[in-house]
Every structure is written in C-alpha cells, then in structure tokens.
Amino acid sequence: MIHTATVVVFLQWLLITLPPSENLVFYPINNQSHIFEDSVCVFADSTLRLKAQDVLSSQFQHNFKVADTNSFKVQNTKLAYWMRYELHNASEEPLIVITKPKYIHKIDLYIVDTSGKILHQSSGLAYPSHKWSLSGIGDNVFFHPFKNKKSIVFCRVEADLPTGMGNENYNYLDYIKLVRDKFFYHGAFYGVSLFMFLLSLVLWVVSKEKIYLFYSLYVLSLSIFSVVTHGFLSDLIGGHFRFSFDYYTFPYALITIFLILYSREFLQTKLYYPLVHKILAYCILIRVILLVMPYLFGNMIHWRSPIVDNLLLMPAFFLGIWAVFKGNRYAMSFLMSLSIIFLAQYIQIMELDRKHRLTGFLFQYISLTEIFMFFVALGFRYRQLKTEKEAALLKLIEATELQNKELEEKVRQRTQTIEELYERLKIDNVKLEENFKSATKAHATHKLVSYEDFLKIYPDEESCYQTINEIKWEHGFECRKCGNHKYSMGHVPFSRKCTKCDTVETVLANTVFSGLKFPINKAFYILMVASSGKDVPATELAKILDMRMQTCWTFKNKVTERMESMKNKIKGEEAWKKLIKNN
C-alpha cells in the first residue's frame, strides 16, 4: 500500500510540474506561424436573424465587445453568439481551425482576407455530416487556406446547452500529426476495451461468476463515456441530432455503479464484510438517486461530479487497504486500480489533460492502465482463489479418505458382528422352532385343544402322515414277513417296500389307524381328545368334525379300548407313540 501511494503522489507531482505544451493549444495564443493581432471580441444576437453580410460589414463592428480572455462562455442558449478575432498566417502552409467543444448545435465560420474575399464553412450537430466543411476526429474542423496573409475570423455559434467556447489553430502539418496521434491512442484504447469487454463476457458465460459481468459492463460504460467526451458520438451518428447532458450523465453514473458492484464481488464483501456490503449498496442507491433526480425535479441540473463519485468509491478503497493488511494478496492489485481511477478523476478536475504536453491523451493512458490493472486484479484473484480452492479440496479429499477408511473399518467390524449374530440367531431360531414344534405337539397330545388350534399344528393329511411315519419307524424299517431292514419307497406316499421279498407296507398298516375309512386328520383329533383324559361325547365330536356320530363313537371306542389294554404302559410322551403303534 505504501508503494502504491508513493507512485500515485509521484505521478501527480509530475503532471503538475510539466511545462506547457507548444503544439496542443486549447484556446488561441500567439505563435510564430499564426499570430492573433487583436483580442477576441464577442457579440450576442438576441434576434437570431442577423445575416452574415450585416455582421461582417464595417459599420457593424462597433457592436463587438472585447472578451476578458481569448475564449468566451455561451450562457444563454436562446442567443446566437458571434466571435471575432484577427489571424496572421506567416507560414507557407494553410491553417486548420478547430472549434471546441464538439457538441455545438450550429457553427458557421467566415474567414475574410485583406482583399475582402470571404470563405464560409459550416459544422455542428444541426447539419448532417456530409455538409460539414471537414470531418475531424471528435472536433469541428475548418480549413483556413490563406497563406502569408492577415485575415479576420468570424464564428457564429448556437448552442443547445451552456458551454465554454474556444478555437484552436494549427498549421497543416501539425494537424496531421495530431490526427495521427488521435488515431493511434484512441484506436489502442477502444481496441483494448473491446477485447476486454468480449473476453469478460466469455468468462462470465463460462464461469457464471457475476464479477466478470460487472467488469465487462464497467468497461462498456467507460468506453461509451469516452466516445461522448471526446466528441466521437456525432461522428458515429453522422450529425443532425440534438445533444443532451444525458449522453454524459448516464455512462458516467454507470461507471461508478458497476465499479462498486465489481468491488463487492471482488472483495467478497457479502461473505467476509457484511457491513461494508450494505454501505456499498447504499452508495449505489445514492448514485442512482443523483442520476434520476433531474428527471423528477425538472429545475435541477444533471449531476456529474468526480468528487462525489470518488467519495462513493472510498468505502471500497479503504476496504481494499484493510484487506491488504489482513493478508489478502490479490487486494493489492485492486487497490492500485482504484488509485489510478482517483488519479484520473484528479486530472479531470484540474483539467491537466488540456494544459500539458504529455497529457493531451492522458485519458487514454489512464483508462488503458486502469482497465489492464483491473483485469490483472481479476487474474490474481482467480489464481489465489483457485489455489485456496485446490488446497481446501485436497484437505477435504484427505479428510474424506481418512473418514472413509474409518467408516470401512467400522462397517467391516459391524458386518462381522452382524454375521456372527445372524448365525447365532439362525441356530437359535432352528432350535426354537424345533422346541416350539415339540412343545406344541406335546401340548396337543397331553391337553385337550380346539379343533381350530389342532388344524394349526396339523393343517393337512400329509402332516399327519409325516408324524405317523416318524413314530412308526423311529427305530428303522423291519419287514414283518422276512425281517429285512432294507427298503425302497412304495408307490403310495410314505409306504415302504422290502427290497428282499417286495412286500409293501403302508404307513397306516399295523397302527391304530389301520383300516381307517375317514380323513386321517379327523381321526388324529379323536385320538388327541381320547388320550387327553377328557370325556367328550361322540355326539359333540360329530358336530365338531362334521361326521356321523356312529363313526366318531366307533373310532373313539377303539382308542379307549387300546388305552385300557395299555394302561400300565402309557406314561408321558411314550404313551402317544404307543397308542399309535400296535406293537
């Protein structure tokens, strides 16, 4: 920051101490090649009807008044002003007369030589460009053809707005050099501005960052203001229009507004400096109010003061200083850019670009440097943010990898634990299921249960056959005919066929169910009821099982007689098996 301030102060001192220019003159002064023999005289025509032959006549000359300086100011836009001065061209080259400023409604130049010959030329916004005497680069240019002669120059001016008025006079070769310099410096400025504008737009489209949009709009506003300030607007439009202060005020205000928006995005005020973010928003609001007030209150002038705009930019400037002290590297280039803007505003206030040799194109110098520095600041900002982003991303990746490893280890341990628990639970479920079935069957065989609950344990005939199969051959198969223990499965389900004598024994043969003529599950239930010790009448069993009472009584009686015959042998769970078996 100290180095930046030192450079700015040095440049200001250099500009103030530069010697006056000899070639670039804003107002008429004495010169060896074109000498003003008398002071500038002015006459105000309130009628707007005086003709040139009347004003140029000798009888009318006493109406001209000597001006205090070699220039005058158009105060009243309802008057036509005549300016008169004597010019002595001592050179062998013709002269070029430039009338400033560019945006004058009507300018008629009359050059009268010693022989009384009059040369009339016109320029100004009221005329189309093809009627201008010469087409200058941002100037009203007139041709003075008289060599080695004295002449009197009359200039009639009508202005739409109050403005200062003056003439510049050049010999032909000096003017060519001036035009060459203008082509070069203005061309370089607008070329670089166009390149930066398009590049910023492309970056905005690609990155979607608003800072590039604000920067491109700032460059565009600065370029439009330069076009208006240097008189190129009439050259582009071709004349024949009325000038308004709006052409100055709008781009000038937009420069400040977009620069503040750019500063907010550049320094990330919304994220890091919320208070300054609000202050800059108020600065934008103030500038907008100053812009629209002349349209709300018609008697107010259009506001365009470099001092006010500098004050509105000061919060961003001081925030840049603070950011540099806090270690923000790219804020230094931003600070230098704002310092260049303040320098340009100072030059505009002091009108240094009109008083010194090296400052004739100072606006282009400063603006190009300013645009370049702001873009360099964007580059530094992008590089630092990219470095910080990559560092943060690397840390995030490392932290994520470490966290993933920890999570993978925890998942592996948890998965192993779950698998172990699952295996244990699976084993326990198998045991529990077996125990439940055993307990249920044991409960069903020792206690009287309802037919509905019985069907839950033995839902079909196959489950009954399976139980009988397990009980009948729990100790293995033995053929009752030949005593062979080897068998194959018979054609009837759960039947077994002896491999030696081919004798087939069904699952119900030689059991209490042998010769059964009704469904096995109903017989199973009658067996359960009879073995439970409860005396359920055959009539009730018939209702429950939807069977004939005689059938129920017969099978129940069969079971009861078998129980009586095995009374001493039926104990616990073995009684159930022995009731089914005949042996």
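Described in the following lines is the structure provided in the data block.

Reading the values: the criteria
Residues numbered from 1 in each chain as written. Predicted model: local features only at pLDDT ≥ 70, side-chain atom pairs only at ≥ 80, totals over all residues. Heavy atoms only, no water. Phe/Tyr/Trp six-rings, centres within 6.5 Å; stacked < 30°, edge-to-face > 60°. Helix = DSSP H or I, 4+ residues; strand = E, 2+ residues; numbered from the N terminus. Buried < 20%, exposed > 50% of the residue type's maximum accessible area, 1.4 Å probe, protein only. Expected span 1.5 Å × (residues − 1). Bend = angle between axes of the 7 residues up to and from the residue. Contact = heavy atoms within 4.5 Å. Pairing = 2+ DSSP bridges.

1. Points about the packing of aromatic side chains
Counting across every chain of the model gives 23 aromatic pairs. Ring geometry for Phe43 versus Phe60: centroids 5.0 Å apart, planes at 90°, classification edge-to-face. On the criterion of sequence distance, the pair formed by Phe43 in strand E2 (residues 41-45) and Phe60 in the loop between helix H2 (52-55) and strand E3 (65-66) is long-range, its members being 17 residues apart. An identical accessibility class is assigned to Phe43 and Phe60; each is buried. An aromatic cluster is defined as three or more aromatic residues linked by ring pairs; in this entry it consists of Tyr451, Phe454, Tyr458, Phe513, Phe518, Phe524, Tyr525 and Phe555.

2. Topic: helix H8 (residues 274-296)
Between the first and last C-alpha of H8 there are 32 Å, a value that for 23 residues agrees with the 33 Å anticipated at 1.5 Å per step. Along its length, H8 shows its largest kink, about 30°, at Leu290, and proline Pro294 lies within four residues downstream of that point. Of the residues making up H8, those classed as buried are Val276, His277, Leu280, Cys283, Ile284, Arg287, Leu290, Leu291 and Pro294. Contacts made by the buried residues of H8 are with helix H6 (246-267), helix H7 (269-272) and helix H9 (306-325).

3. Thoughts on the pairing of strand E5 (residues 80-89)
With 8 of 10 residues buried, E5 is to be regarded as a mostly interior element. Across 5 bridges, the pairing between E2 and E5 is antiparallel. Within the sheet, the bridge partner assigned to Phe43 lies in E5 and is Trp82.

4. Brief notes about the sheet that holds strand E13 (residues 487-489)
A sheet is described by the order of its strands in space; here 3 strands give the open sequence E13-E14-E15, paired in antiparallel fashion. The open sheet terminates on both sides in strands that have one partner only, identified here as E13 and strand E15 (504-505).

5. Overview of the environment of Glu93
Inspection of the secondary structure assignment puts Glu93 in the loop between E5 and strand E6 (95-100). By relative accessible area, which is 33% here, Glu93 ends up partly exposed. The sequence separation of Glu93 and His144 amounts to 51 residues, and the corresponding C-alpha distance is 9.5 Å. Beyond its immediate stretch of four places on either side in the chain, Glu93 contacts Lys147 and Tyr172.

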